[in-house]
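Summary of the model geometry
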Amino acid sequence: MSAFKGRVAVVTGAASGIGKALSLELAARGCRVVVADLNLKGAREVVGELGAERAIAVRCDVSKASNVQSVVNRARRQFGSLDFMFNNAGVAIVAEARDLSLRDWNRVLDINLKGVVNGTHAAYKVMLAQGSGHIVNVASGFGLVPGPGLIAYVTTKFGVVGLSETLRAEAHDLGIKVTVVCPGFVNTPILASGADSMESGRALIQAPIITSERAATITLDGVARDRAIIAFPLYVRLAAWLYHRCPWLFFRFLLKGARDLRRSKQKSL
Ligand SMILES: NC(=O)c1ccc[n+]([C@@H]2O[C@H](COP(=O)([O-])OP(=O)(O)OC[C@H]3O[C@@H](n4cnc5c(N)ncnc54)[C@H](O)[C@@H]3O)[C@@H](O)[C@H]2O)c1
């Protein structure tokens with residue numbers, strides 16, 4: 001039987017990109033889905049594709065613990081349980097540290113890291129009471145290796161990987177599963193929205209880009225197998241391997257990335 005048939009999932013950041021694709025694929029695999037997003041209109045459109053018996057749309061700002069708690073409560077009220085919590089909502093800012101304001105830093109920290117803390121905290125309590133459940137945190141390949149020009153993003157994604165791997169060990173004997181997802185580049189609006197200019201964004205995106213549908217399929221196949229870390233495509237795993245095995249060589253790539261980014265930004269000014 002499918003790991004998802006007859007189950008209940010909350011997906012944050014589900015109005016767009018990977019979250020939307022996860023919601024559609026979860027529903028296709030027999031799951032009922034709470035489609036949660038800051039963008040309620042977008043969330044409603046996703047529910048429109050799924051049908052009201054299989055999904056509900058809820059407005060939620062993941063940086064606010066009370067919003068996330070309400071979404072979890074709503075899932076239980078509407079569908080009776082909470083089997084999967086996908087903490088997926090995220091934002092990116094492409095800028096080096098010298099150009100980031102504290103406001104920029106806090107926005108990325110609040111959504112990408114505190115958002116996952118809020119989602120994990122709310123879901124874990126419910127799952128402990130149930131004695132079962134699976135928390136899936138969407139980090140990034142940049143949760144496994146550094147990336148110049150993405151310093152705030154990388155900070156949060158390393159945090160999400162650390163949180164998830166630690167919780168996986170703590171939760172294991174309590175019946176709760178935890179998985180962290182580390183995708184490479186996926187074709188979603190975040191790639192454009194995060195760049196302070198398309199030029200500087202392009203300097204970072206030299207690797208192949210996969211579709212959000214493919215990312216969702218790989219993610220759910222890995223979740224069904226209870227994988228600790230789902231890192232894809234292959235270049236993400238290779239980069240992580242190189243980073244740990246040859247840090248001095250990896251640093252040369254990072255330095256080149258930082259210089260390319262600065263050069264392309266200067267050109268676009
Ligand atoms: N696209 C990629 O290349 C890529 C690669 C690795 C990891 N990721 C991660 O995947 C996740 C999803 O990103 P995506 O690529 O689908 O981007 P996206 O921009 O398509 O979707 C992000 C969604 O999050 C929502 N959102 C933003 N702030 C929110 C908040 N405060 N509360 C609730 N919802 C909020 C947006 O409205 C949007 O619907 C993010 O965590 C991102 O870091 C993306």
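These lines cover the structure that appears in this document, whether it is placed above or below. The structure displayed is predicted, hence computed values, not measured ones. (Residues numbered from 1 in each chain as written. Predicted model: local features only at pLDDT ≥ 70, side-chain atom pairs only at ≥ 80, totals over all residues.)

Concerning the nonpolar core
For the record, the criterion: By our criterion, buried Ala, Val, Leu, Ile, Met, Phe, Trp, Tyr and Cys residues that link up through C-beta atoms within 7 Å make up a nonpolar core. Remark: C-beta atoms are placed from the backbone, and a residue is labelled buried if 20 or more other C-beta atoms sit within 10 Å of its own, exposed if 12 or fewer do, or partly exposed between those counts. Placing C-beta atoms from the backbone, we regard two residues as in contact once those atoms come within 7 Å.
Judged by nonpolar contacts, the single largest core of 80 residues is most densely connected at Val 10, Val 35 and Ala 36. Residue contacts for Val 10: discarding those within four places in its chain leaves Val 34, Ala 36, Val 71, Val 72, Ala 75, Leu 82, Met 85 and Phe 86.

So, the site of the ligand
Where we set the bar: Working rule for contacts: place C-beta from the backbone, and if it is within 6 Å of a molecule or strand, that residue counts as near it. Secondary structure follows DSSP: runs of H or I at least 4 residues long count as helices, runs of E at least 2 residues long count as strands, and numbering of each begins at the N terminus.
In the vicinity of the ligand lie 30 residues, with Gly 13, Gly 17, Gly 90, Thr 188 and Ile 190 positioned nearest. Sorting the residues of the shell around the ligand by element identifies helix 1 (17–28) and helix 6 (190–193) as the ones contributing at least two each.

Focus on the pairing of strand 6 (residues 176–183)
Note the cut-off: For two strands to be treated as a pair, DSSP must find no fewer than two bridges joining them. Every crossover in which the path from the first strand over the helix to the second runs clockwise, viewed with the strands pointing away from the viewer, is termed right-handed.
Among the eight residues that make up strand 6, seven are buried, leaving the element largely enclosed by the rest of the structure. For strand 5 (residues 133–138) and strand 6, the ladder comprises six bridges, and the chain directions are parallel. Across the sheet, the residue bridging to Gly 133 is Ile 176, located in strand 6. A crossover connection joins strand 5 to the parallel strand 6 through helix 5 (residues 151–172); in handedness this β-α-β unit is right-handed. Sheet topology note: the strand 6/strand 7 (residues 229–232) ladder contains four bridges and is parallel. The residue bridging Val 181 from the neighbouring strand is Ile 230, located in strand 7.

So, the pairing of strand 2 (residues 32–37)
Burial of strand 2 is extensive: six of the six residues sit out of reach of the surface. Pairing of strand 1 (residues 8–12) with strand 2 involves five bridges; the strand directions are parallel. Bridging from a neighbouring strand, Val 10 pairs with Val 34 of strand 2. Remark: the strand 1/helix 1/strand 2 crossover connection has right-handed handedness. Sheet analysis places strand 2 next to strand 3 (residues 55–59), joined by five bridges and oriented parallel. Bridge pairing in strand 3 links Val 35 to Ala 57. At this point the chain moves from strand 2, through helix 2 (residues 40–50), to the parallel strand 3, and the crossover so formed is right-handed.

Section: the packing of helix 3 (residues 65–79) against helix 4 (residues 102–130)
Basically, it comes down to this: What counts as an axis is a line fitted to C-alpha atoms, over the stretch in contact for a helix, and the angles between N-to-C directions run from 0 to 180 degrees. In this scheme the crossing of two helices becomes right-handed for a clockwise turn of the near helix relative to the far one and left-handed for an anticlockwise turn of less than a right angle. Only Asp, Glu, Lys and Arg are considered charged in this grouping, and only Ala, Val, Leu, Ile, Met, Phe, Trp, Tyr, Cys and Pro are considered nonpolar; every other residue, Gly among them, is considered polar.
Two numbers describe how helix 3 lies on helix 4: the axes approach to 9 Å, and their chain directions differ by 35°. For helix 3 against helix 4, the interelement crossing comes out right-handed. Here Ala 65, Val 68, Gln 69, Val 72 and Arg 76 of helix 3 lie close against helix 4, whose contacting residues are Asn 118, Gly 119, Ala 122, Ala 123 and Val 126. Residues of the contact of helix 3 with helix 4, tallied by class, amount to six nonpolar, three polar and one charged.

Let's talk about the sheet that holds strand 4 (residues 84–87)
In space, the seven strands of this open sheet follow the order 3-2-1-4-5-6-7, with parallel pairing throughout. The outermost strands of the open sheet, each flanked by one partner alone, are strand 3 and strand 7. Mean inter-strand twist for the sheet, computed between neighbouring axes without regard to direction, equals 15°. Against the sheet, helix 2 makes contact with strand 2 and strand 3, and its axis sits at roughly 180° relative to strand 3, the strand it touches most.

Remarks on the packing of helix 1 against helix 2
For the record, the criterion: Geometric relationships in this document are graded by angle, where less than 35 degrees denotes roughly parallel, more than 145 denotes roughly antiparallel, 65 to 115 denotes roughly perpendicular, and other angles denote oblique.
Where helix 1 contacts helix 2, the axes come no closer than 10 Å and their chain directions differ by 25°. Compared by their axis directions, helix 1 and helix 2 come out roughly parallel. In terms of crossing hand, the pair formed by helix 1 and helix 2 is right-handed. On helix 2, the residues that touch Lys 20, Ser 23, Leu 24 and Ala 27 of helix 1 are Val 46, Glu 49 and Leu 50. Looking at side-chain class alone, the contact of helix 1 with helix 2 contains four nonpolar, one polar and two charged residues.

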